[in-house]
Amino acid sequence: MPDPRFYRRAGPHTLAFIAKVAGAEHGAGVNPSARYEDVARLESAGPQDVSFAVGGSADTLTASRCGVCLVPESLAANVPAGTLALICRDPKYSFALVAGAFYPPRSQHPALISAQAADATIAPDAVIEQGAVIGPKASIGAGSRIGVNAVVGAGVVIGRDCWIGAH
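Definitions and cut-offs
- Residues numbered from 1 in each chain as written.
- Predicted model: local features only at pLDDT ≥ 70, side-chain atom pairs only at ≥ 80, totals over all residues.
- Heavy atoms only, no water.
- Pairing = 2+ DSSP bridges.
- Helix = DSSP H or I, 4+ residues; strand = E, 2+ residues; numbered from the N terminus.
- Axes fitted to C-alpha atoms, helices over the stretch in contact; angles between N-to-C directions.
- Parallel < 35°, antiparallel > 145°, perpendicular 65-115°, else oblique.
- Left-handed = near helix turned anticlockwise from the far one by under 90°.
- Contact = heavy atoms within 4.5 Å.
- Nonpolar A, V, L, I, M, F, W, Y, C, P; charged D, E, K, R; others polar.

Some points on the sheet that holds strand β7 (residues 121-122)
- Within the open sheet, the three strands sit side by side as β7-β10-β13. Their pairing is parallel. Each end of this open sheet is capped by a strand with a single partner; those strands are β7 and β13 (157-158).
- Bridge count for strand β10 (residues 139-140) against β13 is two bridges, and the pairing is parallel. Looking at β13, one finds that Ile140 is bridged to Ile158.

Following this line, the structure appears as structure tokens:
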């Protein structure tokens, strides 16, 4: 699971939504409103996860426990019972789109109105230069310096005696 300090999960998503994002058809006889919680690697995916397989992963696919697998047509027969195959022209690309739907990008500047988010932790001797933006839940260590107009994103941890340059 991605680090929640940096990535906000937007799921669960329905099968119909996942298929639409992936550019795949879910076929007849399935529940398009079935919900899936997350994306995962084929080896570690569980029944509530979406994963993908490409040419060299037929054996891994057969052993997988993922709920939905994005596959090329050539691997559809290797999908194990209990896993729904969504056939895609380019499963890796489709998976990137689906992962982006589960983990949409955060704003590049989470605290533009205020230079320092209220819940940021900043050491008393850290230097924050003019125009620098310190995002929510960020942490700046002792003796560190954040340069002019630099942006420290949400959840980022800067250790002791570090220097982040301008812009």
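Description of unusual backbone geometry
- Omega for the peptide link from Gly11 to Pro12 comes to 5°, which places this bond in the cis form.
- Unlike most non-glycine residues, Asn149 shows phi in positive territory, near 60°.
- Considering the arrangement of structural elements, one finds Asn149 in the loop between β11 (145-146) and β12 (151-152).
- The phi torsion at His167 lies on the positive side, around 60°, for a residue other than glycine.
- By the element assignment, His167 lies in the segment after β14 (163-164).

Description of the pairing of strand β4 (residues 49-52)
- With two bridges connecting them, strand β3 (residues 38-39) and β4 associate as parallel partners. Across the sheet, the residue bridging to Asp38 is Asp49, located in β4.
- Two strands pair when backbone bridges link them, and β4 and strand β5 (residues 68-71) are joined in this way by three bridges, in the parallel orientation. Looking at the pairing, Phe52 lines up with Leu70 of β5.

Quick look at the packing of helix α1 (residues 15-22) against helix α3 (residues 91-102)
- Following both chains from N to C, one finds α1 and α3 inclined at 130°, their axes separated by 8 Å at the closest point. Viewed along their axes, α1 and α3 adopt a mutual orientation that is oblique. Helix-helix and strand crossings are classified by hand; for α1 and α3 the assignment is right-handed. Seen from α1, the contacting residues are Phe17, Ile18, Val21 and Ala22; seen from α3, they are Ser94, Leu97, Val98, Ala101 and Phe102.
- Class assignment of the residues belonging to the contact of α1 with α3 gives a composition of eight nonpolar, one polar and no charged.

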